Amino acid sequence: MREDLGGYNTDSSGSESPHLRDRRRLRPRLPIADDMTVLTIRIERIGLKDASQCIDPYISVSVKDAQAVDLTPSQDTDVPTTKDNQYVIFNTNVEIQQYLEKLPRTAAVFFEFKHYKPKKKLTSTKCFAFMEMDEIKQGPACLEIYRKPTDFKRKRLGLLTTKPLYLYLNLILHRN
(Lines give C-alpha, C1' and ligand atoms only; values in the text may rest on other atoms or scores of the structure.)
Protein backbone atom coordinates (compact mmCIF):
# COMPACT_ATOMS: atom_id res chain seq x y z
CA MET A 1 0.00 0.00 0.00
CA ARG A 2 1.48 3.33 -1.05
CA GLU A 3 0.82 6.47 0.92
CA ASP A 4 1.26 9.93 -0.55
CA LEU A 5 3.23 12.17 1.80
CA GLY A 6 2.19 15.26 -0.13
CA GLY A 7 1.37 17.89 2.46
CA TYR A 8 3.96 17.03 5.09
CA ASN A 9 6.92 18.91 3.65
CA THR A 10 5.05 22.07 2.71
CA ASP A 11 3.05 24.61 4.67
CA SER A 12 -0.40 25.92 3.68
CA SER A 13 1.14 28.30 1.12
CA GLY A 14 2.92 25.39 -0.59
CA SER A 15 6.42 26.50 0.46
CA GLU A 16 8.86 24.26 2.27
CA SER A 17 8.36 23.63 6.00
CA PRO A 18 10.68 25.77 8.19
CA HIS A 19 12.47 22.78 9.73
CA LEU A 20 13.60 21.66 6.25
CA ARG A 21 15.16 24.94 5.10
CA ASP A 22 18.65 24.48 6.57
CA ARG A 23 19.35 21.10 5.00
CA ARG A 24 22.49 20.54 2.90
CA ARG A 25 21.36 20.09 -0.67
CA LEU A 26 22.49 17.40 -3.08
CA ARG A 27 25.52 18.29 -5.16
CA PRO A 28 26.23 17.62 -8.85
CA ARG A 29 28.46 14.81 -10.08
CA LEU A 30 32.20 15.45 -10.17
CA PRO A 31 33.72 15.68 -13.64
CA ILE A 32 35.14 12.36 -14.78
CA ALA A 33 38.95 12.52 -14.75
CA ASP A 34 41.55 10.15 -16.20
CA ASP A 35 42.11 7.07 -14.03
CA MET A 36 39.63 8.31 -11.40
CA THR A 37 36.33 6.76 -10.30
CA VAL A 38 33.24 8.77 -9.39
CA LEU A 39 30.58 7.12 -7.20
CA THR A 40 26.84 7.70 -7.58
CA ILE A 41 24.70 6.13 -4.87
CA ARG A 42 21.05 5.54 -5.70
CA ILE A 43 19.17 5.42 -2.40
CA GLU A 44 16.17 3.27 -3.23
CA ARG A 45 14.38 2.62 0.07
CA ILE A 46 14.76 1.98 3.77
CA GLY A 47 12.77 -0.54 5.76
CA LEU A 48 11.40 0.58 9.14
CA LYS A 49 8.68 -1.00 11.25
CA ASP A 50 7.10 2.44 11.84
CA ALA A 51 7.79 4.00 8.42
CA SER A 52 4.29 5.47 8.10
CA GLN A 53 4.75 7.55 11.27
CA CYS A 54 7.87 9.40 10.08
CA ILE A 55 7.23 13.06 9.22
CA ASP A 56 9.42 14.73 6.59
CA PRO A 57 11.99 11.93 6.50
CA TYR A 58 15.29 12.32 4.68
CA ILE A 59 18.76 10.78 4.64
CA SER A 60 21.98 12.68 5.32
CA VAL A 61 24.93 11.19 3.43
CA SER A 62 28.50 11.86 4.56
CA VAL A 63 31.95 10.35 4.04
CA LYS A 64 34.18 10.13 7.11
CA ASP A 65 37.53 8.62 7.98
CA ALA A 66 38.15 6.23 10.90
CA GLN A 67 38.50 9.21 13.30
CA ALA A 68 35.09 10.59 12.21
CA VAL A 69 36.59 13.49 10.23
CA ASP A 70 34.50 14.68 7.26
CA LEU A 71 36.16 13.89 3.92
CA THR A 72 33.40 15.34 1.74
CA PRO A 73 30.56 17.80 2.29
CA SER A 74 27.47 16.22 3.84
CA GLN A 75 24.38 16.03 1.60
CA ASP A 76 20.68 15.60 2.40
CA THR A 77 18.15 13.90 0.17
CA ASP A 78 14.83 15.49 -0.62
CA VAL A 79 11.81 14.37 1.40
CA PRO A 80 10.32 11.37 -0.45
CA THR A 81 6.77 11.47 -1.75
CA THR A 82 5.75 7.84 -1.10
CA LYS A 83 5.80 5.14 1.54
CA ASP A 84 5.05 1.49 0.82
CA ASN A 85 4.00 -0.65 3.83
CA GLN A 86 7.12 -0.60 6.01
CA TYR A 87 9.36 1.24 3.54
CA VAL A 88 10.16 4.88 2.92
CA ILE A 89 10.93 5.09 -0.80
CA PHE A 90 13.55 7.65 -1.87
CA ASN A 91 14.76 6.71 -5.39
CA THR A 92 17.31 9.53 -5.16
CA ASN A 93 20.86 9.78 -6.52
CA VAL A 94 23.65 11.12 -4.30
CA GLU A 95 26.95 12.05 -5.97
CA ILE A 96 29.94 11.46 -3.68
CA GLN A 97 32.12 14.58 -3.82
CA GLN A 98 35.54 12.92 -3.96
CA TYR A 99 37.18 10.46 -6.33
CA LEU A 100 37.28 6.99 -4.78
CA GLU A 101 41.03 6.72 -5.37
CA LYS A 102 41.59 9.81 -3.18
CA LEU A 103 39.67 8.45 -0.18
CA PRO A 104 41.57 6.48 2.50
CA ARG A 105 40.85 2.76 2.78
CA THR A 106 39.55 3.33 6.32
CA ALA A 107 36.83 5.74 5.13
CA ALA A 108 33.13 4.91 5.13
CA VAL A 109 29.99 6.39 3.60
CA PHE A 110 27.34 7.07 6.27
CA PHE A 111 23.57 7.26 5.79
CA GLU A 112 21.64 8.88 8.67
CA PHE A 113 17.85 8.56 8.52
CA LYS A 114 16.29 11.71 9.99
CA HIS A 115 12.71 12.78 10.59
CA TYR A 116 10.80 15.65 12.16
CA LYS A 117 9.29 15.36 15.67
CA PRO A 118 6.51 17.97 15.92
CA LYS A 119 6.06 17.67 19.71
CA LYS A 120 9.73 18.50 20.29
CA LYS A 121 9.90 20.79 17.23
CA LEU A 122 13.18 19.27 16.07
CA THR A 123 14.67 16.95 13.51
CA SER A 124 15.94 13.71 15.02
CA THR A 125 18.21 10.93 13.76
CA LYS A 126 16.28 7.66 13.99
CA CYS A 127 18.95 5.26 12.73
CA PHE A 128 21.97 4.97 10.47
CA ALA A 129 23.81 2.67 8.11
CA PHE A 130 27.28 2.75 6.62
CA MET A 131 29.35 1.25 3.84
CA GLU A 132 33.10 0.78 4.11
CA MET A 133 35.38 1.34 1.12
CA ASP A 134 35.95 -2.38 0.47
CA GLU A 135 32.17 -2.85 0.10
CA ILE A 136 31.86 -0.38 -2.77
CA LYS A 137 31.16 -2.36 -5.92
CA GLN A 138 28.98 -1.71 -8.96
CA GLY A 139 25.38 -2.84 -8.50
CA PRO A 140 22.81 -3.34 -5.74
CA ALA A 141 23.74 -3.17 -2.05
CA CYS A 142 21.79 -3.95 1.10
CA LEU A 143 22.99 -2.41 4.39
CA GLU A 144 22.10 -3.25 7.98
CA ILE A 145 20.45 -0.46 9.97
CA TYR A 146 21.89 0.53 13.35
CA ARG A 147 20.26 2.35 16.26
CA LYS A 148 21.22 5.88 17.22
CA PRO A 149 23.40 7.64 18.17
CA THR A 150 25.39 7.55 14.96
CA ASP A 151 28.80 6.00 15.66
CA PHE A 152 31.09 7.49 13.01
CA LYS A 153 34.07 5.62 14.49
CA ARG A 154 32.19 2.29 14.07
CA LYS A 155 33.09 0.98 17.54
CA ARG A 156 29.76 0.46 19.36
CA LEU A 157 27.15 -0.75 16.92
CA GLY A 158 23.70 -2.08 17.80
CA LEU A 159 21.13 -3.18 15.24
CA LEU A 160 17.96 -1.11 15.21
CA THR A 161 15.70 -4.17 15.19
CA THR A 162 15.81 -7.94 14.98
CA LYS A 163 13.49 -7.77 11.96
CA PRO A 164 15.10 -8.14 8.52
CA LEU A 165 14.88 -4.44 7.55
CA TYR A 166 17.61 -2.81 5.50
CA LEU A 167 18.72 0.23 3.53
CA TYR A 168 18.61 -0.65 -0.17
CA LEU A 169 21.06 1.07 -2.52
CA ASN A 170 22.35 0.79 -6.06
CA LEU A 171 25.97 1.81 -6.64
CA ILE A 172 27.07 3.24 -9.97
CA LEU A 173 30.79 3.63 -10.66
CA HIS A 174 31.74 6.16 -13.37
CA ARG A 175 35.20 5.79 -14.89
CA ASN A 176 36.80 7.21 -18.00
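Residues numbered from 1 in each chain as written. Predicted model: local features only at pLDDT ≥ 70, side-chain atom pairs only at ≥ 80, totals over all residues. Heavy atoms only, no water.

## Considering the state of the cysteines
Tallying each qualifying case throughout the model produces 0 disulfides. Sulfur of C54: no disulfide; nearest cysteine sulfur belongs to C127 and is 8.1 Å away. (Disulfide = S-S within 2.5 Å.)

## Things to note about the environment of K126
Residue position: K126 is located in strand β8 (residues 122-132). It is 7.1 Å that separates the C-alpha atoms of K126 and H115, two residues lying 11 residues apart in sequence. Once residues within four sequence positions are removed from consideration, K126 is found in contact with L48, D50, C54, F113, H115, K148 and L160. A distance of 3.0 Å separates a polar atom in the side chain of K126 from a polar atom in the side chain of D50. (Helix = DSSP H or I, 4+ residues; strand = E, 2+ residues; numbered from the N terminus. Contact = heavy atoms within 4.5 Å. Polar contact = N/O pair within 3.5 Å; in protein donor to acceptor, adjacent residues only side chain to side chain.)

## Digging into the pattern of salt bridges
Inspection of the entire model under this criterion finds 6 salt bridges. Residue R25 is joined to D78 by a salt bridge in which the shortest nitrogen-to-oxygen separation is 3.9 Å. With a gap of 53 residues between them, R25 in the loop between β1 (2-4) and β2 (37-47) and D78 in the loop between β4 (75-76) and β5 (82-84) connect regions that are remote in the sequence. Among the ionic pairs, K64 bridges to D70, the shortest N-O distance being 2.5 Å. Classification of K64 as buried rests on a relative accessible area of 9%. (Salt bridge = Lys/Arg side-chain N within 4 Å of Asp/Glu carboxyl O. Buried < 20%, exposed > 50% of the residue type's maximum accessible area, 1.4 Å probe, protein only.)

## Re the packing of aromatic side chains
All chains considered together, the criterion is met by 8 aromatic pairs. Centroid distance F110 to F130: 5.6 Å. Interplanar angle 35 degrees. Geometry classified as tilted. Taken together, the residues span a long stretch of sequence, with F110 in strand β7 (residues 108-117) and F130 in strand β8 at a distance of 20 residues. Comparing F110 with F130, the two get one shared label, buried. A cation sits over an aromatic face here: R45 above Y168, 4.0 Å from the ring centre. A cation over a ring is seen here: K64 above F152, with NZ or CZ 4.4 Å from the ring centre. (Phe/Tyr/Trp six-rings, centres within 6.5 Å; stacked < 30°, edge-to-face > 60°. Lys NZ or Arg CZ within 6 Å of the ring centre and 35° of its normal.)

## Looking at the nonpolar core
By size, the foremost hydrophobic cluster in this structure holds 31 residues, and its most contacted members are I41, I43, I46, F111, F113, L167 and L169. Per element, the largest residue contribution to this core is 4 residues, and it comes from β2. In contact with I41, not counting residues within four places along its chain, are T92, N93, V94, I96, V109, F111, L169, N170 and L171. (Core = buried A, V, L, I, M, F, W, Y, C linked by side-chain atoms within 4.5 Å.)

## Quick look at unusual backbone geometry
Of the consecutive residues K148 and P149, the connecting peptide bond is found in the cis state with omega at 0 degrees. One can find P149 in the loop between β10 (146-147) and β11 (166-175). Its identity as a non-glycine residue notwithstanding, N91 has a phi of 45 degrees, on the positive side. Secondary-structure assignment places N91 in strand β6 (residues 87-95). Exposure remark for N91: the relative accessible area of 41% places this residue in the partly exposed category.

Treat this as a map of the structure, not an account of what it does.
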